[in-house]
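Structural characterization, general
Spelled out, the chains give:
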Amino acid sequence: MGEYRTGTAVSADGTVIGYRSLGSGPAVLLVHGGMKAAQHLMDLARVLSDGFTVHVPDRRGRGLSGAHGADFGVRREVEDLQALAAATGATRIFGLSSGALVTLRTALVTPSLDRIALYEPPLSVDGSAPIGWVPRYEREIAAGKLSAALVTSLKGLGTEPVFGRVPRFLLVPFLTVGARLQRAAAEDDVPIPELVPTLGYDMRVIREMADTAPDYAALKAEVLLLDGAKSPAYLHQAVDALSAVLLRSRRVTFPGLGHEGPEDEGDPKSVGAALRDFFADPA
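Now for a quick tour of the structure. Owing to the predicted nature of the structure, the values given are computational and were not obtained by experimental measurement.

Rules behind the numbers
- Residues numbered from 1 in each chain as written.
- Predicted model: local features only at pLDDT ≥ 70, side-chain atom pairs only at ≥ 80, totals over all residues.
- Heavy atoms only, no water.
- Helix = DSSP H or I, 4+ residues; strand = E, 2+ residues; numbered from the N terminus.
- Buried < 20%, exposed > 50% of the residue type's maximum accessible area, 1.4 Å probe, protein only.
- Contact = heavy atoms within 4.5 Å.
- Phe/Tyr/Trp six-rings, centres within 6.5 Å; stacked < 30°, edge-to-face > 60°.
- Lys NZ or Arg CZ within 6 Å of the ring centre and 35° of its normal.
- Pairing = 2+ DSSP bridges.
- Axes fitted to C-alpha atoms, helices over the stretch in contact; angles between N-to-C directions.
- Parallel < 35°, antiparallel > 145°, perpendicular 65-115°, else oblique.
- Left-handed = near helix turned anticlockwise from the far one by under 90°.
- Nonpolar A, V, L, I, M, F, W, Y, C, P; charged D, E, K, R; others polar.
- 1 Å grid on protein atoms, 1.4 Å probe; cavity = no way out; pocket = protein on both sides within 12 Å on 5 of 7 lines; lining within 4 Å.
- Points joined across faces, edges and corners; volume = space filled by probe spheres on them.

Let us now look at the side chain of histidine 236. Tracing the chain through its elements places histidine 236 in helix H10 (residues 233-245). Residue histidine 236 is classed as buried on the basis of its relative accessible area of 17%. Sequence-distant contacts of histidine 236, that is, excluding residues within four places in its chain, are made with Glu120, Asp227, Gly228, Ala229, Ser231 and Arg251.

Listed below in structure tokens is the structure:
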């Protein structure tokens, strides 16, 4: 824990949003995706920390941050990022997955954000994002069957091909044991059993932002669109749709990466190199 500092910002509804900070230089925010927390982007933060002050928040409902709240939706997450940008002075933001959706929406209504990078935002285009599995996931969460809900989500989202090939009856006990072993997390890390129920809130964001690609023709910020060649087709479709409407964008596709490319278990060095160039480029 000694490698980073912690700080907080207060969102418009009074919710405290906590974040980790490391490095020095211009401020950058890294926004994690669904069923994840700040801990999953720490290697990426380290890659960037030699040239930037990197702030990695726990999105609401996780770790250092307050609860989602009864009126949770995209608006609340946008307010959270606006509060974080104000507290840290960041004008550069990277978002992964559902965090990229929130980053995209925030940039649309926050003129001070002039440079945003998005890795595979699951922006649904004519129903492209898979959501048919969500009712089963919600039933399993309500019944306290966290490992079953995790399997349902992994198979439903299709971002981890290996889980799609393994039968449920093998995956559920395997992940149950893994979750028990991981409960003893580092001080600020959020254990898997606490992250699984948060995915339902990310799916609300995906549903709320479905078919909004045309909105971003009005976005003034420079945008770096990132995707991994091994990711599911619906994620490439989302990036294609944004490429077609954004006025100021460029795209980088990583040949050997999938949806978790920026995370600690992916290839944060390669993603970090692209981000460093983009965030430092004065053009």
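Time to look at unusual backbone geometry. Despite not being glycine, glutamate 120 shows a phi value in the positive range, around 50°. The residue glutamate 120 is located in the loop between strand E6 (115-119) and helix H4 (134-142) in this model. In this structure glutamate 120 comes out as buried when scored by relative accessible area, which is 0%. Phi at aspartate 211 is positive, roughly 60°, even though this residue is not glycine.

A separate point is the packing of aromatic side chains. Tallied over the entire structure, the rule returns five aromatic pairs. Within the aromatic cluster, the residues linked to one another by ring pairs are Phe52, Phe278 and Phe279. We note arginine 115 situated over the ring of phenylalanine 278; from NZ or CZ to the ring centre the distance is 5.1 Å.

The eight strands are arranged E1-E2-E4-E3-E5-E6-E7-E8 in an open sheet whose pairing can be described as mixed. Unpaired on one side and paired on the other, strand E1 (5-10) and strand E8 (249-254) mark the two borders of the sheet. Neighbour-to-neighbour, the strand axes of the sheet open up by a mean angle of 20°, direction not taken into account. Examined bridge by bridge, strand E7 (residues 222-228) and E8 share six bridges and lie parallel to one another. Bridged to leucine 225 within E8 is arginine 251.

Turning our attention to the packing of H4 against helix H5 (residues 146-157). Two elements in contact, H4 and H5, have axes separated by 8 Å at closest approach and are oriented at 165°. What the angle tells us is that H4 and H5 run roughly antiparallel. The two elements H4 and H5 cross, and the hand of that crossing is left-handed. Contacts between H4 and H5 pair Arg136, Tyr137, Glu140 and Ile141 from the former with Leu146, Ala148, Ala149, Thr152 and Ser153 from the latter. The residue makeup of the contact of H4 with H5, split by class, is five nonpolar, two polar and two charged.

Turning our eyes to something else, we now look at the environment of valine 205. Here valine 205 lies in helix H9 (residues 199-208). In this structure the C-alpha to C-alpha distance between valine 205 and valine 125, which are 80 residues apart in sequence, comes to 14 Å. Beyond its immediate sequence surroundings of up to four residues, valine 205 is in contact with Phe72, Val74, Glu77, Leu101 and Val102.

A separate point is the layout of surface pockets. Volume-wise, the second largest pocket comes out at about 200 Å³. Lining the second largest pocket are Thr159, Glu160, Pro161, Lys230, Gly256, Leu257, Gly258, His259, Glu260, Gly261, Glu265 and Gly266. When its residues are assigned to classes, the lining of the second largest pocket shows two nonpolar, six polar and four charged.

Turning our eyes to something else, we now look at empty space enclosed by the protein. Enumeration according to the criterion identifies one cavity of 30 Å³ or more in this entry. The wall of the largest cavity is formed by Ile17, Val31, Pro57, Arg59, Arg60, Glu77, Asp80, Leu81, Leu84 and Val102. Take the lining of the largest cavity: its biggest share by element is four residues, from helix H2 (residues 74-88). Considered class by class, the residues forming the lining of the largest cavity number six nonpolar, no polar and four charged.

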